[in-house]
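Breakdown of the fold
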Amino acid sequence: MIHILESFFMLMATGMAFYYRGSDIFPLLISFGIIFTSGLIMFFAGRNAREYHTGRHEGLIVVVLTWVLLSIFGMMPYYIGGHIDNITDAFFETMSGFTTTGSTILTDIEALPKGILFWRSLTQWQGGIGIIVFMVVAITPILGGTASHIFDAESTGITHEHFLPRVTQVAKRLFGIYLALTLILIVLLWIGPMDFYDALNHALTTISTGGYSTKNASIAYWGDAYTEYVICIFMCLGATNITLFYFLIKGKPKKMLQDEELHWFYSFVLIATAIVTIWLLVQHDETSFEKAFRESAFQVVTLITTTGYQTVDFSAWGSFFTIIALTLMTVCGCAGSTSGGLKVGRFVILIKNTLNEFKKQTHPNAVLPVRVSGQVISAEIVHRVLTFTFIYVGLIAVGCAILLINGLEFDEAIGSAVSATGNVGLSLGSFVDGNYAEMTKVSKWTLSFLMLTGRLEIFTVLTLLLPGFWKQ
């Protein structure tokens, strides 16, 4: 069913190719036929699956297989159309799209037909809220109890707040909010210097914090303050826990106003923007305060929200900004948002738990629970956060080591590993713009694995690699 539904997104891209009479009509149409047919074959092969008991094991398998298979089928328009001439690069580009990483191997984006570029943007829009959220609404009657398991396995964050009794209701509300934000952004961008096609594509990749652009120069192509401020605001909205918008719409603004993770997130944005603005004015002789502020705000937001747009080459800002960039690329946005990374919520728990450990040095018998937004965080969740962080850092270290073995400089290796695991897109060194065309095949497959693992919150993917998982 997931393949059948996905084929209609491919058909939308085919329709765009027909409208612009591009050379990509047949590659997209052939790809649509293949993915639709494969979906039918799998559907009939597994039509009796509802008779079997399904649970958390099946939920994890469904999620990982969905992302891997759709990345394989999703790369076909690039490969069949000859726009990407090898499977490694085609898979990398598609995985980067679905995981909303935004890294690319394309050196001339503007040379691609409009249907292909629209498909590229659609992969990020789906990946932003999660492929499964799209599908849960349609396939819950078939999956039964498994729907909740696959929803939890894909959703980002520390806990998954089911603010309505049924997971189908939750998915519908989240999708509705996501769609509404996208439509609003399309209109706002269209009002500016973008035409409708560019506004559509950038709305899809902004609200999903993905970062794919239709231009080689990314957002810098327009050089327009209005466009940059609008995109900056919506990148922040994309990195905000989407359930908070639901409570806001339902007349419960206190839920958003009192959310401590949200306070920390916007504090990070404001403080980092202020520091970088002062840095540019003092150390880089920037004469215009507005320009320094706009450039600082945009780069800070695009990094912390893991979007990956770019208006300037921030590698020229020196090592001081590199440290800030790495910090932002690691912490990233809020739990339950479209952004990747460690998440601000986990970072807050780590900080508060660390402070409690210092207090226990002088008050060893004190009971000091970790509180976030006035709620006590259970020891189990704190332990899970500590474990997640340990594995997250370890995964980056292993990825960095593999990239170093494959000939990258240290700043390039650490930047690329952090970027892929956090689904950031932008990197450091010669890959600062997130273009990995010159990397070796081994490095690209390594980054593809890191992108998938990071997007699915690590445990979902790595659990499947444990031998014990497959035992009865």
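Our structure is the block above this text.
Residues numbered from 1 in each chain as written. Predicted model: local features only at pLDDT ≥ 70, side-chain atom pairs only at ≥ 80, totals over all residues. Heavy atoms only, no water.

1. What about the overall build of the protein?
Summing up its helical and strand segments, the protein has 21 helices and 2 strands in all. Here the C-alpha radius of gyration of the protein, 22 Å, is about what a compact globule of 472 residues would show, namely 23 Å. Principal-axis analysis of the C-alpha atoms gives the protein an extent of 65 × 60 × 50 Å. Going through the 472 residues of the protein one by one, you find that 56% of them count as buried. Considering only residue pairs separated by 6 or more positions, the protein has 69% of its internal contacts joining residues 24 or more positions apart. A gap of 14 Å separates the mean positions of the 27 positive and 32 negative side-chain charges of the protein. (Helix = DSSP H or I, 4+ residues; strand = E, 2+ residues; numbered from the N terminus. Rg over C-alpha atoms; globule rule 2.2 N^0.38 Å. Buried < 20%, exposed > 50% of the residue type's maximum accessible area, 1.4 Å probe, protein only. Contact = heavy atoms within 4.5 Å. Lys, Arg positive; Asp, Glu negative; His and termini not counted. Charge placed at Lys NZ, Arg CZ, Asp CG, Glu CD.)

2. Considerations on the pattern of salt bridges
According to the stated counting rule, one finds 8 salt bridges in the structure shown. Across the salt bridge formed by E260 and K352, the nearest N and O atoms sit 2.5 Å from each other. Taken together, the residues E260 in helix α14 (residues 260-283) and K352 in helix α17 (residues 344-362) connect sequence positions 92 residues apart. Look at E260 and you get buried, because its relative accessible area is 16%. Ionic pairing is found between E290 and R294, a salt bridge with its closest N-O pair at 2.9 Å. In this pair, E290 and R294 both sit in helix α15 (residues 289-304), 4 residues apart, roughly one turn of the helix. When its relative accessible area of 15% is taken as the criterion, R294 is described as buried. (Salt bridge = Lys/Arg side-chain N within 4 Å of Asp/Glu carboxyl O.)

3. With respect to the packing of aromatic side chains
Scanning the model with the defined rule gives 23 aromatic pairs in all. A centroid spacing of 5.4 Å and a plane angle of 25° characterise the contact between W125 and Y178, whose relative ring orientation is stacked. Of the two residues, W125 sits in helix α6 (residues 114-129) while Y178 sits in helix α9 (residues 167-191), which places them 53 residues apart along the sequence. Classification of W125 as buried rests on a relative accessible area of 7%. Judged by its relative accessible area of 1%, Y178 is buried. With a centroid separation of 5.0 Å and 80° between ring planes, the pair formed by Y221 and W222 is classed as edge-to-face. Residue classification places Y221 among the partly exposed positions, given a relative accessible area of 45%. Overall, the relative accessible area of 16% leaves W222 in the buried class. Three or more aromatic residues joined by ring pairs make a cluster, and in this case those are F8, F32 and F36. Positioned above the aromatic ring of Y20 is the side chain of K114, whose terminal nitrogen or guanidinium carbon lies 5.3 Å from the ring centre. The ring of Y221 has K215 lying over it, and the distance from NZ or CZ to the ring centre is 4.6 Å. (Phe/Tyr/Trp six-rings, centres within 6.5 Å; stacked < 30°, edge-to-face > 60°. Lys NZ or Arg CZ within 6 Å of the ring centre and 35° of its normal.)

4. Some thoughts on α14
For α14, with 24 residues, the first-to-last C-alpha span of 34 Å sits near the 34 Å given by 1.5 Å per residue. Within α14 the residues assigned to the buried category are E260, E261, L262, F265, V269, A272, T273, V276, T277 and L280. For α14, the side-chain oxygen to backbone nitrogen distance between the N-cap and E261 is 3.4 Å, and the N-cap itself is D259. Where α14 terminates, the next one or two residues include D285, which has phi positive at roughly 55°. (Expected span 1.5 Å × (residues − 1). Polar contact = N/O pair within 3.5 Å; in protein donor to acceptor, adjacent residues only side chain to side chain.)

5. Comments concerning unusual backbone geometry
With glycine set apart, most residues show a phi of negative sign, and most peptide bonds adopt trans. Non-glycine residue T100 carries a positive phi angle of around 60°. Checked against the element boundaries, T100 lands in the loop between α5 (87-98) and α6. Non-glycine residue T209 carries a positive phi angle of around 45°. Along the chain, T209 falls in the loop between α10 (196-207) and α11 (225-238). The exposure class of T209 is buried, given its relative accessible area of 0%.

6. Regarding a positive patch on the surface
On the surface, K172, R173, K250 and K252 cluster together into a patch of positive charge. Relative to the helices and strands, K252 is located in the loop between α12 (242-249) and α13 (253-257). (Patch = residues over 30% accessible without salt bridge, like charges linked within 9 Å, V, L, I, M, F, W, Y side chains within 5 Å. Areas by Shrake-Rupley, 256 points an atom, 1.4 Å probe, with all protein chains shown as cover.)

7. Some details on a nonpolar patch on the surface
Taken together, the side chains of F8, L11, F18, F26, L29, I30, I34 and I80 make up a nonpolar region of the molecular surface, amounting to roughly 720 Å² of accessible area. For the nonpolar patch, the secondary structure elements donating two or more residues are α1 (2-20) and α2 (25-45). Tracing the backbone shows I30 in helix α2.

8. Quick look at the environment of L122
Note that L122 resides in helix α6. Residues L122 and M10 lie 112 residues apart in sequence; the distance between their C-alpha atoms is 8.7 Å. Look past the residues within four positions of L122 in its chain and what remains in contact with it is F9, M12, A13 and L204.

9. Focus on the state of the cysteines
With the rule as written, the count across this model stands at 0 disulfides. Here C236 stays free of any disulfide, with the sulfur of C232 as its closest cysteine sulfur at 5.5 Å. Take C236: its relative accessible area is 9%, and that puts it in the buried class. C332 carries a free sulfur, and the closest cysteine sulfur to it, the one in C334, is 11 Å from it. (Disulfide = S-S within 2.5 Å.)

10. Examining helix α20 (residues 441-455)
Along its 15 residues, α20 runs 21 Å from first to last C-alpha, staying within 8% of the 21 Å computed at 1.5 Å per residue. Extensive coverage of α20 is indicated by the burial of 11 of its 15 residues. E457 lies just past α20 and shows a positive phi near 60°.

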